[in-house]
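Residue strings, one per chain:
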Amino acid sequence: MANYIVGLTGGIGSGKSAASDYFATLGIDIVDADVIAREVVSPGSPCLKEIVKHFGDHLLDDQGALNRKALRQLVFNNEEHKQWLNNLLHPAIRTRILEQLSHASSPYVVLVAPLLLENNLDRFCQRVLVIDVPESLQVQRTLERDQTSAQQVEAIMASQVTREQRLAHADDIVRNDGSLAQLQQQINHLHGLYQQQASSWQHD
Ligand SMILES: CC(C)(COP(=O)(O)OP(=O)(O)OC[C@H]1O[C@@H](n2cnc3c(N)ncnc32)[C@H](O)[C@@H]1O)[C@@H](O)C(=O)NCCC(=O)NCCS
Ligand SMILES: Nc1ncnc2c1ncn2[C@@H]1O[C@H](COP(=O)(O)OP(=O)(O)OP(=O)(O)O)[C@@H](O)[C@H]1O
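Residues numbered from 1 in each chain as written. Chains lettered and ligands numbered in written order. Predicted model: local features only at pLDDT ≥ 70, side-chain atom pairs only at ≥ 80, totals over all residues. Heavy atoms only, no water.

1. Examining the UniProt feature "binding site: ATP" (unreviewed entry) in the protein chain
The following threshold applies: UniProt positions are given in the numbering used here, feature names are shortened, and annotations may be inferred rather than shown by experiment. Strands here are runs of E lasting at least two residues and helices are runs of H or I lasting at least four, both read from the DSSP assignment and numbered beginning at the N terminus. For every residue, the accessible area (1.4 Å probe, protein chains only) is compared with the maximum for its type, and the residue is labelled buried under 20%, exposed over 50%, or partly exposed between those bounds. In this analysis, two residues are considered to be in contact whenever any of their non-hydrogen atoms come within 4.5 Å of each other. Here a polar contact means two N or O atoms within 3.5 Å. Within protein one must be a hydrogen donor candidate and the other an acceptor candidate, and residues neighboring in sequence count only if both atoms are side-chain atoms.
Annotation from UniProt places "binding site: ATP" (unreviewed entry) at Gly13, Ser14, Gly15, Lys16, Ser17 and Ala18. Turning to its location among the elements, Ser14 is positioned in the loop between β1 (5–9) and α1 (16–25). Look at Ser14 and you get buried, because its relative accessible area is 1%. Beyond its immediate stretch of four places on either side in the chain, Ser14 contacts Ile131, Val133, Arg141 and Asn176. Within polar-contact distance, the side chain of Ser14 engages the backbone oxygen of Gly11 at 2.7 Å. Examined against the element boundaries, Gly15 turns out to sit in the loop between β1 and α1. With relative accessibility at 16%, the residue Gly15 sits in the buried group.

Below is the structure:
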């Protein structure tokens, strides 16, 4: 059954995972681009072999897995390296996204992707939901969560669309500068809307 697809996006640290985790508790299938981005570079994968061939085996840890911190430092400080990695991984990520979307069985499916707009993945979606927070809160929450620097977070933010650009593409906006409960309250409202949209869309 062709699925009604809601594209969920937002900048780094905006609360995409917090939102998609909550949609999952409502029984909605989630296709997560960040999870897929890890799958395509798993130990022994063709993409990981290409990365090692291109950048060197110092990017592997002693279990043969990708040293993500080392690759992050490499790509987010060098535009050419980032483009090379994106050109390698994005087609593999898109293929898996489409495959997982086709197997979803919930009333609608949420595709959560930080680069939904940057990679034109919104063309596969019937609706775009943006999780919106002030940039300062993105930095603060990412620093609290990850062992990284403000400079690194800002470099990642600079490689993503701006807050204004993202909001210009939104069909729905959830503000996540309040409590988790307030985030979930907004999602409860959208859940009802998406169920209605999905059932009328499927009968058109
Ligand atoms: C560079 C990598 C190895 C760093 O891994 P690390 O575990 O430190 O970060 P993680 O993957 O959790 O990403 C953290 C956040 O960075 C942002 N981000 C990731 N990749 C990119 C990118 N290519 N361009 C812009 N922002 C990105 C997203 O907001 C993401 O949620 C990793 O981000 C990666 O493989 N990126 C390339 C694949 C990609 O584009 N993923 C996004 C899927 S839409
Ligand atoms: N409303 C909130 N109040 C407090 N903390 C929050 C809230 N929403 C999210 N967080 C926390 O902020 C951090 C970033 O949230 P989350 O990981 O969901 O963002 P993300 O958009 O998935 O980030 P990334 O792009 O890095 O994957 C997490 O540690 C999360 O627990």
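2. Some points on the domain arrangement of the protein chain
Put simply, the rule is: The split of the chain into domains comes from an automatic or database domain assignment. In short, buried area is how much 1.4 Å probe accessible area vanishes from two parts on joining, totalled over both. For salt bridges, the criterion is a side-chain nitrogen of Lys or Arg within 4 Å of an Asp or Glu carboxyl oxygen.
Domain boundaries in the protein chain define domain 1 (1–28 + 108–204) and domain 2 (36–105). For domain 1 and domain 2, the distance between their C-alpha centres works out to 22 Å. Each side of the interface is counted separately: domain 1 has 17 residues, and domain 2 has 13 residues. Carbon and sulfur atoms supply 62% of the area buried between domain 1 and domain 2, which totals about 1,300 Å² over both sides. Linking domain 1 to domain 2 there are zero salt bridges.

3. Topic: the sheet that holds strand β4 (residues 127–132)
Defined as follows: Two strands qualify as a pair provided DSSP detects at least 2 bridges between them. Helix axes are fitted only over the stretch in contact, all axes being lines through C-alpha atoms; the angle between N-to-C directions runs from 0 to 180 degrees.
Pairing is parallel across the open sheet formed by five strands, whose spatial order is β2-β3-β1-β4-β5. Edge positions in the sheet fall to β2 (29–32) and β5 (172–175), since each has one partner strand and no second. Strand-to-strand, the axes of this sheet are offset by a mean angle of 25 degrees, without reference to chain direction. Sheet topology note: the β4/β5 ladder contains four bridges and is parallel. The residue of β5 that forms the bridge with Ile131 is Val174. Sheet strands touched by α1: β1, β2, β3 (109–112) and β4. Its angle to β1, the strand with the most contacts, is close to 150 degrees.

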